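Chain and residue survey
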Amino acid sequence: MEYKIAVAAGDGIGPEIVEQAISVLERIGEKFGHKFTYENVAVGGAAIDCCGDPLPEESLEVCKRSDAVLLGAVGGPKWDSLENAKRPEKGLLRLRQSLGLYANIRPAVLYKELADACPLKESIIKDGIDICVVRELMGGIYFGERGQRQGKYGAEAFDEECYSEYEVERIARSAFEMARKRRNKVTSVDKANVLESSRLWRRVVEKVAAEFPDIELEHMYVDNASMQLIKNPSGFDVLLTTNMFGDILSDEASMITGSIGMLPSASLGTEGVHMYEPIHGSAPDIAGTRKANPIATILSCAMMLRSSFNLSDEAQAIEKAVEGVLEKGLRTPDIMSQGMTLVDTVQMGEEIAKLI
Ligand code: NAD
Ligand code: IPM
Ligand code: MN
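Residues numbered from 1 in each chain as written. Chains lettered and ligands numbered in written order. Predicted model: local features only at pLDDT ≥ 70, side-chain atom pairs only at ≥ 80, totals over all residues.

1. Details of the site of ligand 1
Going by this rule: Using a C-beta atom placed from the backbone, a residue is described as near a molecule or strand when that atom lies within 6 Å of it. Each residue is assigned to one of three groups, with Ala, Val, Leu, Ile, Met, Phe, Trp, Tyr, Cys and Pro labelled nonpolar, Asp, Glu, Lys and Arg labelled charged, and all others, Gly among them, labelled polar.
Around ligand 1 sit 22 residues, and of these G75, G261, H280, G281 and N293 come closest. Residues that form the shell around ligand 1 fall into these classes: 11 nonpolar, seven polar and four charged.

This is how it looks when you write it as structure tokens:
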């Protein structure tokens, strides 16, 4: 089979980590007899520089014609002063919206080899950490009304958080279905003690829960959830939440599993073309230094193989190889600890490919 992948490497460390992910995919192709083809598309700052638009029409067309999209990361200080519509991040948001990607699946797993990189005490992580954040990706404050106006005290700006029943229902269903494949528990995180949109969220989640009597549902306020993630991370199985809360809580979840450089994601949608992206950003502070951890992007490719191409053995081969390099003690700087062997971005990618 031939699989067409649109590759949006993006900015900062984006191209460095994507290069390693592609060499891992190439190794999979070689070993299992698949052909992957790659078409580079400009998205983010790179697209602003080349084409004056963070998501040129041509990039979107190529993504829509592909079997899956692999994204590195977008953004950086160079473009930070541009107006909202012209920012790199807006290109990513438009891409998610245009592909109908409403469900962002962000698994946060603590590998036993990385216990030293986890900042939590051993007594807290003794039962392990294996959380799947199911983040709504096409609604909420990211896509609400926003603007600037003159108020009583001068200039004001506002961003609206709005959720429809339809949007909550479909993401809730994704979460309950995910829980069935895992440990049968959903924690829905909201701020229903304050926000009207959260009260609707909670009501719709309860309604969907009735279709899944085998799944335990727990509601939790977001402030408490951010605390419980540190206090008792093994209490979470599927964490269902809004676009904004999911963005924040998944960065927190990444740190308790060692590093943001480890966490992959799948952005699944309605149009059949899904996107795979590490949860981290373009890390301008380490771009060009070969310090970036490529594992989040490599594991995102494993998610692509499983979810878009139905190639579970191949996905597992990548996951096993990642475990293998960790067992061998190889560490990029973000997950380095005493007695381990420090490697750079390229060496980490090569070692993972070698173990496949
Ligand atoms: P970031 O995730 O880029 O970096 C946060 C910290 O984590 C930095 O210290 C960075 O060095 C480190 N880090 C991130 N990825 C790493 C990796 N793979 N290996 C090792 N260390 C890693 O977040 P930020 O600094 O807040 O944002 C930088 C830029 O990235 C901004 O322009 C932001 O908008 C953008 N961003 C893009 C995405 C995306 O494209 N999906 C996600 C988040 C942030
Ligand atoms: C992420 C990022 C994006 C988000 C930004 C860059 C738009 O932080 O993928 O987590 O907030 O969704
Ligand atoms: Mn984020």
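What follows picks up the thread again.
2. Considering the site of ligand 2
Stated precisely, the cut-off is as follows: Strands are runs of DSSP state E lasting at least 2 residues, helices are runs of H or I lasting at least 4, and numbering of each runs from the N terminus.
Surrounding ligand 2, one finds G75, E89, L92, L93, D247, I279 and G281. Sorting elements by how many residues they give to the shell around ligand 2 places helix α4 (residues 88–98) first, with three residues. Residue composition of the shell around ligand 2, grouped by class: three nonpolar, two polar and two charged.

3. Some details on the sheet that holds strand β12 (residues 274–276)
Our working definition: When DSSP finds two or more bridges between a pair of strands, those strands are recorded as paired. In this analysis, axes come from line fits to C-alpha atoms, helices being fitted only over the stretch in contact, and the angle between any two N-to-C directions falls in the range 0 to 180 degrees.
Ordered by their spatial adjacency, 10 strands build an open sheet running β2-β1-β3-β12-β11-β4-β5-β10-β8-β9, and the pairing between neighbours is mixed. One side of each edge strand has no neighbouring strand; the edge strands of this open sheet are β2 (35–40) and β9 (216–221). Ignoring strand direction, the axes of neighbouring strands in this sheet form an average angle of 25°. One ladder, built from five bridges, connects strand β1 (residues 2–10) with strand β3 (residues 68–73); its direction is parallel.

4. Quick notes on helix α9 (residues 243–256)
For an α-helix, 3.6 residues make a turn, and residues three or four places apart therefore share a direction. The test is simple: Any helix carries an expected span of 1.5 Å times its number of residues minus one. Here exposure depends only on C-beta density: within 10 Å of a residue's C-beta, 20 or more other C-beta atoms make it buried, 12 or fewer make it exposed, and intermediate numbers make it partly exposed, the C-beta atoms being placed from the backbone. The directions considered for the arc are those from the helix axis to the C-beta atoms. A pair of residues counts as a contact when their C-beta atoms, built from backbone coordinates, are separated by no more than 7 Å.
Its 14 residues give α9 an end-to-end C-alpha distance of 20 Å, which sits within 8% of 20 Å, the value for a rise of 1.5 Å per residue. Of the positions making up α9, those classed as buried are N243, F245, G246, L249, S250, A253 and S254. In a view along the axis of α9, the buried residues occupy a sector of 160°, so they form one face of it. Buried residues belonging to α9 abut β4 (101–109), β5 (130–136), β8 (185–190), α8 (222–231) and β10 (238–241). A positive phi of about 120° marks G258, the residue just after α9.

5. A closer look at the domain arrangement of the protein
As a reminder of what qualifies: Boundaries of every domain are those given by an automatic assignment or by a domain database.
According to the domain assignment, the protein consists of domain 1 (1–107 + 263–356) and domain 2 (119–256). Taken over C-alpha atoms, the centre of domain 1 sits 24 Å from the centre of domain 2. The partner domain 2 presents 14 residues to the 13 residues of domain 1 that form the contact. Contributing elements (two or more residues each) for the side of domain 1 that touches domain 2: α4 and β4. Take the side of domain 1 that touches domain 2: its biggest share by element is seven residues, from β4. Split into classes, the residues belonging to the side of domain 1 that touches domain 2 amount to eight nonpolar, three polar and two charged.

6. Observations regarding the pairing of β1
Rules: Crossover handedness is defined by viewing with both strands directed away from the observer: a clockwise path from the first strand over the helix to the second marks the crossover as right-handed.
Bridge count between β1 and β2: six bridges; the pairing is parallel. Looking across to β2, one finds that I5 is bridged to Y38. Each parallel crossover has a hand, and for β1 linked through helix α1 (residues 14–32) to β2 it is right-handed.

7. What about the environment of Q338?
Among the structural elements, Q338 can be located in the loop between β13 (330–331) and β14 (341–342). Sequence separation between Q338 and A117 is 221 residues; the distance between their C-alpha atoms is 9.9 Å.

8. Notes on the environment of T241
Tracing the backbone through its elements, the reader meets T241 in strand β10. Judged by C-beta crowding, with 26 C-beta atoms within 10 Å, T241 ranks as buried. Filtering out sequence-adjacent residues up to four positions away, T241 remains in contact with R135, V189, G246 and L249.

9. As for the packing of helix α6 (residues 165–180) against helix α7 (residues 196–209)
Cut-off, in case you're wondering: Reported orientations rely on four angle classes, namely roughly parallel under 35 degrees, roughly antiparallel over 145, roughly perpendicular from 65 to 115, and oblique for the rest. In this scheme, a crossing is called left-handed if the near helix is turned counterclockwise away from the far one by less than a right angle; it is called right-handed if the turn is clockwise.
Two numbers describe how α6 lies on α7: the axes approach to 9 Å, and their chain directions differ by 50°. As judged from the angle between their axes, α6 and α7 are oblique. Where α6 crosses over α7, the handedness of that crossing is right-handed. Residues E165, V168, E169, A172, R173 and F176 of α6 touch α7, and the partners they reach there are L200, W201, V204, V205, V208 and A209.

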